[in-house]
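Notes for the structure review
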Amino acid sequence: MARISEQTIEKVRSGSDIVEVIQGYVQIKQRGRNFFGLCPFHNEKTPSFSVNSDKQIFKCFGCGLGGGVINFIMEIEKLEFKDSIIFLAEHSGIEIELSQSYGGANDIVQQLLTIHEQASKIFIDNFNTDSGKKIYSHLLKRGLTKETIKMFSLGYSVNETQQLLKYFQDQKYSSDALLKCGLFVDTKKGYIDRFKSRIIFPIHNPTGKTIAFSGRIFKDSKIAKYVNSPETPIYHKSNVLYGLHESKHHIRTLKSAVVVEGYFDYLQLFQSGINNVVAISGTAFTDKHAQLLRRYTNNIFLAYDGDKAGIAAAIKAGYILLRHGHDAKILNLPKDIDPDDWVHKEGADPFKEAMKNSSNILDFHMNNGQFDISEESGKFNFIEEALNEISQINDSVYRELQIQSLSSIVQVSENSIYEKLNNIINSKNRYKSNEKKSSVSELKSSINLLQEELIKLCFVKDLNVRSLIFNHLDKNWITVQKLEELYDIIYIHLKSEHPPIVSIILNEIKDSEERSFLSGLLFDLEDIEGSMKMAKDCLIRLEEHYLKNKHINLREKLKSETDKNINDTINEISIIENSLKDITLKYDDVKEI
Ligand SMILES: [Zn+2]
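Small disclaimer: the values here were computed from a predicted structure and weren't measured.

Focus on the overall build of the protein
Helix and strand counts for the protein stand at 26 helices and 17 strands. Referenced to the eigenvectors of the C-alpha coordinate spread, the extents of the protein come out at roughly 95 × 70 × 55 Å. Here the protein, with 593 residues, has 48% of them falling under the buried criterion. In the protein, of all internal contacts separated by at least 6 residues, the share reaching a separation of at least 24 is 66%. Total accessible area on the protein stands at roughly 29500 Å², and carbon and sulfur atoms take up 49% of it. Positive and negative side-chain charges in the protein, numbering 75 and 81 respectively, have mean positions lying 4 Å apart.

Right, here's the structure in full:
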């Protein structure tokens with residue numbers, strides 16, 4: 001299997017600035033030496049996600065995740081280590097050499113992207129066939145312009161079972177890539193094309209690369225209206241918003257985004273000048289979508305279909321957006337009409353007017369959620385449903401704001417609503433908090449903190465300090481497994497002239513929890529004095545702890561020992577007692593400056 005060389009990894013790591021890369025995903029602001037922003041990996045209203053530019057690492061002090069630039073890409077793009085290298089290289093314009101192009105698993109991402117690019121070209125070319133020409137004029141009739149069709153690379157899959165298959169079989173791609181690209185389906189008669197006789201909407205990632213397709217039927221029939229690419233190494237549908245690659249600049253400029261349900265809704269709005277639009281693609285609105293949007297704006301308008309299903313889906317999406325700290329509104333569309341038809345028939349103005357008059361989530365929920373608010377029971381049911389959603393908002397300030405608006409729209413005192421909310425939250429949290437307590441107290445024990453201190457000392461500038469640790473530490477003294485594993489990785493760097501580079505060490509750590517832990521530990525390392533005295537004290541206390549523990553165990557053993565072994569154990573105990581007495585001797589010639 002082809003692999004990526006150490007030099008290549010280093011070239012990509014040192015060639016990609018973590019601040020620049022993260023800015024493509026998160027709005028971060030400089031405060032002092034570090035940058036801060038809202039974490040893209042968990043839900044928050046106050047920024048605890050920090051980036052240290054000097055050290056080229058990130059750390060979220062809310063959810064704990066941390067690492068270097070490559071780890072950031074792995075987490076946010078959901079890629080393997082090697083694929084993240086390729087992704088970053090491409091993103092930062094760094095040329096890298098892969099030992100065998102199209103050879104092994106390491107370039108699967110690259111192969112899948114190229115396959116999609118070529119497939120997209122074939123789908124566009126298919127407009128030139130006789131049946132394709134009909135589809136093209138069908139699209140024009142539906143109100144799309146030639147420019148829109150071109151801009152979003154719409155295409156057509158012909159009525160054949162193996163058009164793509166035949167094409168790609170003759171190419172240089174690995175069978176693994178062809179299997180994983182999602183363009184083919186395995187049937188009893190062998191592989192066939194997934195998309196047959198459909199309008200094709202290519203789905204792009206935020207940088208504009210085609211990562212999946214959605215195929216729609218063009219005349220009413222009994223077969224499924226949409227066929228979509230399955231999840232692949234480059235496509236995770238709950239993480240993708242259709243059209244974002246074209247809209248993201250508009251969203252940033254206008255400081256708001258309109259979310260619609262369908263591809264035609266998106267295209268119709270975009271071409272009529274409502275450019276800050278995105279569509280969910282082939283799935284319901286998810287937490288991931290809310291997080292993705294937060295990279296660009298917190299101000300969201302939901303424009304879902306005006307039918308029953310659309311209304312219910314909009315309410316759901318609205319509460320998800322609230323949970324993620326968005327300021328979310330829902331448009332009141334005319335009954336039983338979708339944004340595509342509406343804007344096609346009446347132009348963009350009524351739609352823009354509806355944006356101005358849109359409702360907040362609670363109001364919309366109350367007025368459209370099948371409650372009879374004039375009846376007490378209807379009101380009660382609405383409050384119950386709304387509180388269930390509000391209880392999932394983690395940020396206390398934001399939760400309180402929702403309670404205030406709920407109280408005022410249903411005319412029930414805030415106190416009563418709080419009481420009900422607390423009941424809901426308490427019953428949900430009872431189990432969780434019990435679980436947490438024990439692990440926190442375990443982590444905070446002083447001996448663990450001492451071992452953390454040791455790990456920090458391995459990164460100080462002074463080679464003498466690091467050598468002292470290298471020469472004296474017995475690995476048995478480290479009792480926390482994850483710290484022992486970290487030490488194993490750091491150990492070989494202790495004797496080198498320069499201190500270990502954090503972002504390089506982070507790359508060597510396979511376990512995400514360990515990596516996050518280390519980046520937190522070292523995030524503000526400049527503030528930590530690493531003197532010889534500190535290292536010496538740390539080593540002495542670690543050894544002391546180790547010996548005392550051993551002493552206790554041996555005395556326990558003594559109580560249950562048969563006569564035969566008693567002398568051995570007593571011997572061992574006295575050796576330990578002597579070592580404890582002499583523990584500082586071996587550091588006598590260590591200068592404490
Ligand atoms: Zn976080």
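Here we look at the coordination of the zinc ion
In the first shell of the zinc ion, the protein supplies Cys39 (SG), His42 (ND1), Cys60 (SG) and Cys63 (SG), at 2.1 to 2.3 Å from the metal. Classification of the site at the zinc ion rests on its 4 donor atoms, whose angles at the metal span 101 to 121°, yielding the label tetrahedral. In the primary sequence, the donor residues of the zinc ion line up as C-x2-H-x17-C-x2-C. In this structure, Cys39 and His42 share a single accessibility class: buried.

Quick look at the pattern of salt bridges
Here the structure, examined in full by the defined rule, presents 13 salt bridges. Where Asp176 meets Lys180, a salt bridge forms, and the shortest distance between an N and an O atom there is 3.3 Å. Note that Asp176 and Lys180 are positioned in helix H9 (residues 175–180) at a spacing of 4 residues, about one turn of the helix. Exposure remark for Lys180: the relative accessible area of 39% places this residue in the partly exposed category. In this structure, the salt-bridge partner of Glu543 is Lys586, at a minimum N-O distance of 2.8 Å. Of this pair, Glu543 sits in helix H25 (residues 532–559) while Lys586 is found in the segment after helix H26 (563–581), placing the two residues 43 residues apart along the sequence. Taken together, the salt bridges that share partners define one network made up of Asp287, Arg323 and Glu389.

Structural notes on the sheet that holds strand S3 (residues 49–52)
The 5 strands are arranged S1-S2-S3-S4-S5 in an open sheet whose pairing can be described as antiparallel. Single-partner strands in this sheet number two, and they are strand S1 (28–31) and strand S5 (66–68). With strand direction ignored, the average angle separating the axes of adjacent strands in the sheet is 25°. Here strand S4 (residues 57–60) pairs with S5 via 3 bridges, running antiparallel. Following the sheet pairing, Lys59 is matched in S5 by Gly66.

Side note on the sheet that holds strand S10 (residues 210–216)
Taken in spatial order, the 4 strands line up as S6-S9-S10-S11 in an open sheet, and their pairing is antiparallel. The open sheet has two edge strands, strand S6 (155–157) and strand S11 (226–228), and neither has a second partner. Adjacent strand axes in the sheet meet at a mean angle of 35° when their direction is disregarded. Its contacts with the sheet place helix H5 (residues 108–125) against S6, strand S9 (198–204) and S10, and it is angled at close to 35° to S10. Contacts from helix H11 (residues 263–271) reach S9, S10 and S11 within the one sheet, and its direction differs from that of S9 by about 70°.

A look at the confidence of the model for the protein
Scored by pLDDT, the protein comes out at a mean of 86, with 93% of its residues at no less than 70. Averaged pLDDT values over the elements of the protein bottom out at 65 in helix H19 (residues 414–443) and peak at 98 in strand S13 (residues 257–260). Predicted confidence for residues 100–106 stays below pLDDT 50, and this span has 19 contacts to residues more than four positions away or in other chains.

Observations concerning the side chain of Glu514
Inspection of the secondary structure assignment puts Glu514 in helix H24 (residues 512–522). In this structure, Glu514 is buried with no salt-bridge partner, the nearest side chain bearing the opposite charge being Lys482 at 8.3 Å. When neighbours within four sequence positions are excluded, Glu514 is seen to be in contact with Lys482, Glu485, Leu486 and Ile509.

A few points about the packing of helix H16 (residues 361–368) against helix H17 (residues 376–390)
For the pair H16 and H17, the least separation of the axes is 11 Å and the interaxial angle reads 145°. Of the two elements, H16 crosses H17, and the hand of that crossing is right-handed. In this structure, H16 contributes Leu362, His365 and Met366 to the contact, and H17 contributes Phe382, Glu385, Ala386 and Ile390. Of the residues belonging to the contact of H16 with H17, the class tally is 5 nonpolar, 1 polar and 1 charged.

A word on the nonpolar core
Ranked by internal contacts, the top residues of the largest apolar core, which has 91 residues, are Phe49, Phe72, Leu183, Tyr242, Val258 and Phe351. If you tally residues by element for this core, the top one is H5, at 8 residues. Residues Val465, Tyr487, Leu494 and Tyr587 belong to the second largest nonpolar core, which totals 44 residues.

Here we look at the environment of Ile417
Relative to the helices and strands, Ile417 resides in helix H19. Spatially, the C-alpha atom of Ile417 lies 9.6 Å from that of Glu384, the residues being 33 residues apart in sequence. Those residues in contact with Ile417 that sit more than four places away from it in its chain are Leu387, Ile403, Leu406, Ser407, Val410 and Val412.

Thoughts on helix H14 (residues 339–346)
In an α-helix, one full turn covers 3.6 residues, which means residues spaced three or four apart are oriented alike. Every buried residue of H14 is accounted for by Pro339, Asp340, Trp342 and Val343. Residues of H14 that are buried make contact with S13, H11, strand S15 (299–303) and helix H15 (348–356). Just downstream of H14, Gly347 is the residue with a positive phi angle, here 80°.

Overview of unusual backbone geometry
A positive phi angle, close to 55°, is found at Ser153, a residue other than glycine. Within the secondary structure, Ser153 is located in the loop between helix H7 (146–151) and S6. Even without a glycine there, the phi angle at Gln370 is positive, about 65°. Position of Gln370 relative to the elements: it lies in the loop between H16 and H17.

Digging into the packing of aromatic side chains
Per the counting criterion, the structure on display carries 28 aromatic pairs. The interplanar angle of 85° and the centroid separation of 5.2 Å between the aromatic rings of Phe152 and Phe270 together place this pair among those described as edge-to-face. Taken together, the residues span a long stretch of sequence, with Phe152 in the loop between H7 and S6 and Phe270 in helix H11 at a distance of 118 residues. Looking at Phe152, the relative accessible area reads 1%, which means it is buried. Put simply, the rings of Phe152, Phe201, Tyr226, Tyr242, Tyr263, Phe264, Tyr266 and Phe270 pair up and form one aromatic cluster. The ring centre of Phe264 lies 3.7 Å from the NZ or CZ of Arg142, which sits over that ring. Geometry around Phe517 places Lys482 over its ring, the cationic atom sitting 4.3 Å from the centre.

Cut-offs used in this document
- Residues numbered from 1 in each chain as written.
- Predicted model: local features only at pLDDT ≥ 70, side-chain atom pairs only at ≥ 80, totals over all residues.
- Heavy atoms only, no water.
- Helix = DSSP H or I, 4+ residues; strand = E, 2+ residues; numbered from the N terminus.
- Buried < 20%, exposed > 50% of the residue type's maximum accessible area, 1.4 Å probe, protein only.
- Contact = heavy atoms within 4.5 Å.
- Areas by Shrake-Rupley, 256 points an atom, 1.4 Å probe, with all protein chains shown as cover.
- Lys, Arg positive; Asp, Glu negative; His and termini not counted.
- Charge placed at Lys NZ, Arg CZ, Asp CG, Glu CD.
- Donors = N, O, S within 2.8 Å, 3.2 Å for Na, K, Ca; no water.
- Tetrahedral: all angles 85-135°; square planar, octahedral: opposite > 155°, others 65-115°.
- Salt bridge = Lys/Arg side-chain N within 4 Å of Asp/Glu carboxyl O.
- Pairing = 2+ DSSP bridges.
- Axes fitted to C-alpha atoms, helices over the stretch in contact; angles between N-to-C directions.
- pLDDT = per-residue confidence, 0-100.
- Left-handed = near helix turned anticlockwise from the far one by under 90°.
- Nonpolar A, V, L, I, M, F, W, Y, C, P; charged D, E, K, R; others polar.
- Core = buried A, V, L, I, M, F, W, Y, C linked by side-chain atoms within 4.5 Å.
- Phe/Tyr/Trp six-rings, centres within 6.5 Å; stacked < 30°, edge-to-face > 60°.
- Lys NZ or Arg CZ within 6 Å of the ring centre and 35° of its normal.

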